[in-house]
Structure formats: C-alpha cells, structure tokens
Amino acid sequence: TGRCVVAVDGPSGSGKSTVSRRLAASIGARYLDTGAMYRAITWAVLRSGVDLTDTASVAKVAGEVNLRIGTHPQGYAVTIDGVGVDADIRGAEVTGAVSAVAAIPAVRELLVARQREMIANVGRMVVEGRDIGSVVAPDADLKVFLTASEAARAARRSAEDAADVAATAADLARRDRLDSTRKVNPLAQAPDAVVLDTTELGIDEVVARLRDLLTERG
Ligand code: C5P
C-alpha cells in the first residue's frame, strides 16, 4: 500500500462522489471531497453577512475561519470553527452561492494549498473536484474525467435531493456554466485523463473499470 493518488473530475451529477467514495473504500485509500471545502467556505461567507461581490472581504473570511474536513470514505465530517456543517452545505442557499465564491482567485489559492497539503500527508487518496487532475494534483497516478448526459445528471441529482427535475437541471446548467467559464482553474479535462461517460454505466461498473486501470498501471 504505497503512495497512490487518484484524481476524479467532472461536472455536477456525473457520479463523482459516489464513485470516488466507493473506489477509495475498495482500495483502502482516503477520500477528499474538495467540493465540500468550497461549500463550507461559502457557508461561512453567508453566515458572516459580507457581500458576495466584495471579493476582498469574502477572501478575508475564507482565510480567517477554521475549516476541517475528514477523509474517511464512509462518513467524513466537515466543520467550520468547530460547528458541524455537513447538512447545511448541501442546502439550496450554499448551492446557489458556491460557484461565485469558488471563482475568487484568493479562495482557490487557499483551498488548493490545503488540498495539496492533505494529499501529501496521506499519500493514498482519491480526490474529487473540478481541477484536481489539471491543477491540484497534476502528478496523480490516475486521472479520471467523468461525464454523463445532462438528462442523466439532472435525474440523479434530483433523486438524491428529492427535488424537482426541471429545477435541478436548470441549477446544474447554471453551475456548470459558471464553473467552466471562470478565469482561474475552470472545470477542465486534463490531457492525460481517462474519460468515462457514465450515462449508461452502473456505479459498480465504473468502480471496476477504475480498479482495472489502477492495476494496469501498477
Ligand atoms: O462537487 P460539488 O457540486 O459539491 O461542488 C460544489 C461547487 O464547488 C462546484 O459547483 C464548484 O463551483 C466548486 N468546486 C470547485 N473546484 C473544485 C470542487 C468544487 O470550484 N475542485
């Protein structure tokens, strides 16, 4: 069980979280949900009351709070200044604001540094996000880019959140547009990433494919 870093990127609803957690558990690795880190910082910013368009103030809040995130693939906890925020960061308020906060260069700089530190300390980790293979861990042992049709992504997300499919589809499209067009570290497919379309694939099949790829690469 030596060093092994797997980078999993892709748009919302592509199956990243489920696949990444299952893969980590099956290879005895830790798991890092970088989206949860951006969500937790967004929760702190909303709580602080600063204007989201005041990027300097948003960055200041991001730098001052104490964000902690666990890395166990089954059940990890996220806290801000000791307060558990796992449920709140999945709410509509945070989901509506996170892409704007994640587009601020100083916020990304801070979180990318934290992510690299955690990866270096753990050594064996599945890391999921939007810029992992391209920016956070360009030397990852395996880079995966998960995609799925817009309809499949909206259907999965609305099932998870027990939400309306049309509203979910609109929200996913809005976030994907913001995440793909921001100036700093946009959602990007690393040139050496393995692209997997999960529209017609079950989770077990995707996880099995990734395990095979890891075995092939020794
Ligand atoms: O993956 P999840 O949907 O929880 O991510 C929430 C948001 O966090 C994304 O829409 C994106 O704006 C931001 N994010 C990011 N870079 C990452 C992970 C997430 O910008 N590596």
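Here, every reference points to the structure presented above.
These figures come from a predicted structure and were not determined experimentally.

K.L.:
Help me get a handle on the overall build of the chain, residues and values and all.
P.N.:
Regarding its fold elements, the chain presents 9 helices and 8 strands. In terms of C-alpha radius of gyration, the chain reaches 17 Å, essentially the compact-globule figure of 17 Å for 218 residues. Its C-alpha atoms give the chain principal-axis dimensions of about 50 × 40 × 30 Å. Classification of the 218 residues of the chain by burial places 48% in the buried group. Sequence-distant contacts, at least 24 apart, represent 75% of the contacts inside the chain between residues at least 6 apart. When the accessible area of the chain is evaluated, it comes to approximately 10,100 Å², of which 52% is carbon and sulfur surface.

K.L.:
I'd like a rundown of the pattern of salt bridges, residues and numbers included.
P.N.:
Per the counting criterion, the structure on display carries 11 salt bridges. The residue Asp-179 makes a salt bridge to Arg-182 at a minimum N-O spacing of 3.6 Å. Since its relative accessible area comes to 9%, Arg-182 is described here as buried. Salt bridges sharing common partners tie together Arg-130, Asp-179 and Arg-182.

K.L.:
Explain the packing of aromatic side chains to me, and be specific about the residues and the numbers.
P.N.:
Per the counting criterion, the structure on display carries 1 aromatic pair. Taking the centre distance of 5.5 Å and the plane angle of 70° together, the rings of Tyr-31 and Tyr-76 count as edge-to-face. Note that Tyr-31 is positioned in strand E2 (residues 30–33) and Tyr-76 in the loop between strand E3 (67–69) and strand E4 (78–80), a separation of 45 residues in sequence. Neither residue differs from the other here; Tyr-31 and Tyr-76 are each classed as buried.

K.L.:
Tell me about the packing of helix H2 (residues 34–48) against helix H3 (residues 55–64), and name the residues and values.
P.N.:
Running from amino to carboxyl end, H2 crosses H3 at an angle of 115°, the nearest separation of the two axes being 9 Å. As for the relative orientation of H2 and H3, their crossing is right-handed in sense. Across the interface between the two elements, Ile-41, Ala-44, Val-45 and Ser-48 of H2 pack against Val-58, Val-61 and Ala-62 of H3. When grouped by side-chain class, the residues that make up the contact of H2 with H3 number 6 nonpolar, 1 polar and no charged.

K.L.:
Quick one: what's the story with the sheet that holds strand E1 (residues 4–9), residue by residue and with numbers?
P.N.:
Whether parallel or antiparallel, the strands of a sheet pair through hydrogen bonds between backbone atoms. The strand order across the open sheet formed by 5 strands is E2-E6-E1-E7-E8, and the pairing between neighbours is parallel. Strand pairing shows two members of the sheet lacking a second neighbour, E2 and strand E8 (194–197), which therefore form its edges. Strand after strand, the sheet turns through a mean of 20° between neighbouring axes, direction not considered. Bridge count for E1 against strand E7 (residues 142–147) is 4 bridges, and the pairing is parallel. Bridging across to E7, Asp-9 finds its partner in Phe-145. Packing against the sheet, helix H5 (residues 105–122) makes contact with E1, E2 and strand E6 (124–129), and its axis sits at approximately 155° to E6. Contacts from helix H9 (residues 203–216) reach E1, E7 and E8, with the element oriented near 160° to E7.

Criteria and thresholds
- Residues numbered from 1 in each chain as written.
- Predicted model: local features only at pLDDT ≥ 70, side-chain atom pairs only at ≥ 80, totals over all residues.
- Heavy atoms only, no water.
- Helix = DSSP H or I, 4+ residues; strand = E, 2+ residues; numbered from the N terminus.
- Rg over C-alpha atoms; globule rule 2.2 N^0.38 Å.
- Buried < 20%, exposed > 50% of the residue type's maximum accessible area, 1.4 Å probe, protein only.
- Contact = heavy atoms within 4.5 Å.
- Areas by Shrake-Rupley, 256 points an atom, 1.4 Å probe, with all protein chains shown as cover.
- Salt bridge = Lys/Arg side-chain N within 4 Å of Asp/Glu carboxyl O.
- Phe/Tyr/Trp six-rings, centres within 6.5 Å; stacked < 30°, edge-to-face > 60°.
- Axes fitted to C-alpha atoms, helices over the stretch in contact; angles between N-to-C directions.
- Left-handed = near helix turned anticlockwise from the far one by under 90°.
- Nonpolar A, V, L, I, M, F, W, Y, C, P; charged D, E, K, R; others polar.
- Pairing = 2+ DSSP bridges.

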